[in-house]
Amino acid sequence: MTVVPCAHRAGLAPVKRIAATLALLALSACLGPRPEAPAATAVVAPPAWRTALGPAQPIRADWWSAFGDPVLTGLVERALANNPDLGAAAARVEEARAQERLSRAQLAPTVNAGLPASDARALNAFGIPSTNLGAQPTISASYDLDLFGRLRQADAAARAQLLATEGARDTVRLGIASSVASGYITLRALDARLAVARDTLAARGDALRIARRRAETGYTSNLELHQAEGEYRATEQLVPQAELAISRQENALSLLLGDTPAAIARGVPLVSLAAPAIPEGLPADLLRRRPDLFQAEQALVATDRSLDSARAAMLPNLSLTGSAGLVLSTALSNPVGVFSLGGSILSPIFDAGRLRAQTDASAARRDQAAFAYRKAALTAFREVDDSLAGVQRSGEQAAALAGQRDALAAALHNASNRYRAGYSSYLDQLDTQRGLLSAELALVQARADRLTAYVTLYQAMGGGWSPDQVDAVRR
């Protein structure tokens, strides 16, 4: 240990050079050359990555407004403000931010202060006990030179992990918005099914009254009456079934909104919800706006930096320590200053393979993150293609079902007139009613599936798109 006064702080530079030389000598004598690192996956974000949609900024709200329902917009905004899952995700971001500050603090010197006290009792020349109170307040500092980047790489890993956690928070936010939008569409579809069931029930109630009157007058047998009553009861059970589904869907939406179960406000009906326009040829680069891809990328960066830190831990560690203090005593007329500065080198010689095992584990985690990143990219392409196919095919299905519904409605009108006039049996009208009910329920479901496919497409594209963004990516 070297003792120098505070006025000679300019002599610290030679001490650092000597300590660095000793560290390199210990490296060559104990560990040999640094092991070569396997080639890591190069992940470089483009300059414009997540500038308009950064991890610290909310997802754009214009994509759910494209459906043209202010009530839906209000529900999504309430969910983003009150959902407990989003609150937990924000808390995880704060934890990661604290961990990043902790790793950054490891790069700074550590300063401690102490004020120990001593109570010494002795006998003077006359044999009389005397008390000699002494105290030595000290200030000590230590600093890790981090010659091989162990702490710096750990700090870079913490920063990347913070960005990955923010990407996870944005993934939760986008998922909540999509769940509210698709849940609201499902609720409006259930409302439409309930309306179809009630209209059909009213029509079959009229048919039941006609069949009962005809049976009472003896114009027809009781067979038609029982058939009409059976169809009426079959339709009647659809009403409480739809009401039960509506109640459960409202409770599910209330949970997303962070509220207790309650009724959900309604806006425009299902048939009036707008179908957003999809631009021709969405660029694949828009997928890089997805927060889950950003999360997977930053997780890969964090594991790569952690691997570098684990490798640096196998190299010698050089630390500088210093202390300064005053010796106070009743035996001294003036305090005495004491200063010290020293350095220590800690180099692993034998640890039974612990450091090597930690390095291998870090390399395995880096490889896992690389495969996870590749899977996330492939999943993104699949989800976009599935959503585009869903929008197109469900639209075609809805158009075909609309034509079938119109044809069956016209057929029911003709069958009802022929039945009342006595030109056809009740079975013709009954079969047409069944077909029309099935076609109307299928049409409601197809319209809901088409709108849900739009929501899925917006989610797959990382929060939608705008013409300006499409043009910018194409350029």
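Scroll up to find the structure this text is about.
Note that the structure is predicted; figures quoted are calculated from it, not measured.

A. Quick look at helix α5 (residues 150-216). The terminal C-alpha atoms of α5 lie 96 Å apart, and with 67 residues this matches the ideal 99 Å at 1.5 Å per residue to within 8%. Positive phi appears at G218, one or two residues downstream of α5, with a value of about 80°.

B. Quick look at helix α6 (residues 222-236). Taking 1.5 Å of rise per residue, 15 residues should cover 21 Å, and α6 covers 21 Å from first to last C-alpha, within 8% of that figure. Those residues of α6 lying buried are E224, L225, A228, E231, Y232 and T235. Viewed along the axis of α6, the buried residues span an arc of 130°, placing them on a single side of the element. Pointing more than 90 degrees away from the buried face of α6 are the exposed residues L223 and H226. Contacts from the buried residues of α6 go to α5, α7 (238-256), α9 (354-421) and α10 (426-460).

C. Representation of the pattern of salt bridges. Tallied over the entire structure, the rule returns 23 salt bridges. With a shortest N-O distance of 2.5 Å, R434 and E231 are connected by a salt bridge. Taken together, the residues R434 in helix α10 and E231 in helix α6 connect sequence positions 203 residues apart. Relative accessible area serves as the criterion here: at 38%, R434 is assigned to the partly exposed category. The exposure class assigned to E231 is buried, which follows from its relative accessible area of 11%. When salt bridges that share partners are traced, they join R188, D191, E250 and R266 into one network.

D. Structural context of the packing of helix α3 (residues 70-82) against α5. One way to put it is that α3 packs onto α5 with a least axis distance of 9 Å and a crossing angle of 145°. Once α3 is placed against α5, the crossing between them reads as right-handed. In this structure, α3 contributes V71, L72, L75, V76, A79 and L80 to the contact, and α5 contributes R173, I176, A177, V180, A181 and Y184. Among the residues making up the contact of α3 with α5, the classes are represented as eleven nonpolar, no polar and one charged.

E. Looking closely at the side chain of E224. By the secondary structure assignment, E224 is in helix α6. If we skip the residues at most four places from it in the chain, E224 touches A211, R214, Y419 and Y426.

F. Focus on the nonpolar core. Residues W63, F67, I185 and L270 are the most contacted members of the largest nonpolar core, which totals 51 residues. Elements supplying a minimum of two residues to this core: α2 (62-65), α3, α5, α6, α7, α9 and α10. Considering each element in turn, this core owes the most residues, 19 residues, to α5. Apart from the residues lying within four places of it in its own chain, the contact partners of F67 are L72, I185, L273, A274, P276, L451, Y454, V455 and Y458.

G. Representation of the packing of aromatic side chains within the structure. Tallying each qualifying case throughout the model produces three aromatic pairs. Summarising the aromatic geometry, the rings of W63 and W64 are spaced 5.2 Å apart at their centres and angled 75° between planes, so their arrangement reads as edge-to-face. When sorted by exposure, W63 lands in the same class as W64, which is buried. Where F67 meets Y458, the ring centres are 6.3 Å apart and the plane angle is 75°; that geometry is what we call edge-to-face. With F67 in the loop between α2 and α3 and Y458 in helix α10, the pair connects residues that are 391 residues apart, well separated along the chain.

The rules behind the values
Residues numbered from 1 in each chain as written. Predicted model: local features only at pLDDT ≥ 70, side-chain atom pairs only at ≥ 80, totals over all residues. Heavy atoms only, no water. Helix = DSSP H or I, 4+ residues; strand = E, 2+ residues; numbered from the N terminus. Expected span 1.5 Å × (residues − 1). Buried < 20%, exposed > 50% of the residue type's maximum accessible area, 1.4 Å probe, protein only. Arc of directions from axis to C-beta. Contact = heavy atoms within 4.5 Å. Salt bridge = Lys/Arg side-chain N within 4 Å of Asp/Glu carboxyl O. Axes fitted to C-alpha atoms, helices over the stretch in contact; angles between N-to-C directions. Left-handed = near helix turned anticlockwise from the far one by under 90°. Nonpolar A, V, L, I, M, F, W, Y, C, P; charged D, E, K, R; others polar. Core = buried A, V, L, I, M, F, W, Y, C linked by side-chain atoms within 4.5 Å. Phe/Tyr/Trp six-rings, centres within 6.5 Å; stacked < 30°, edge-to-face > 60°.

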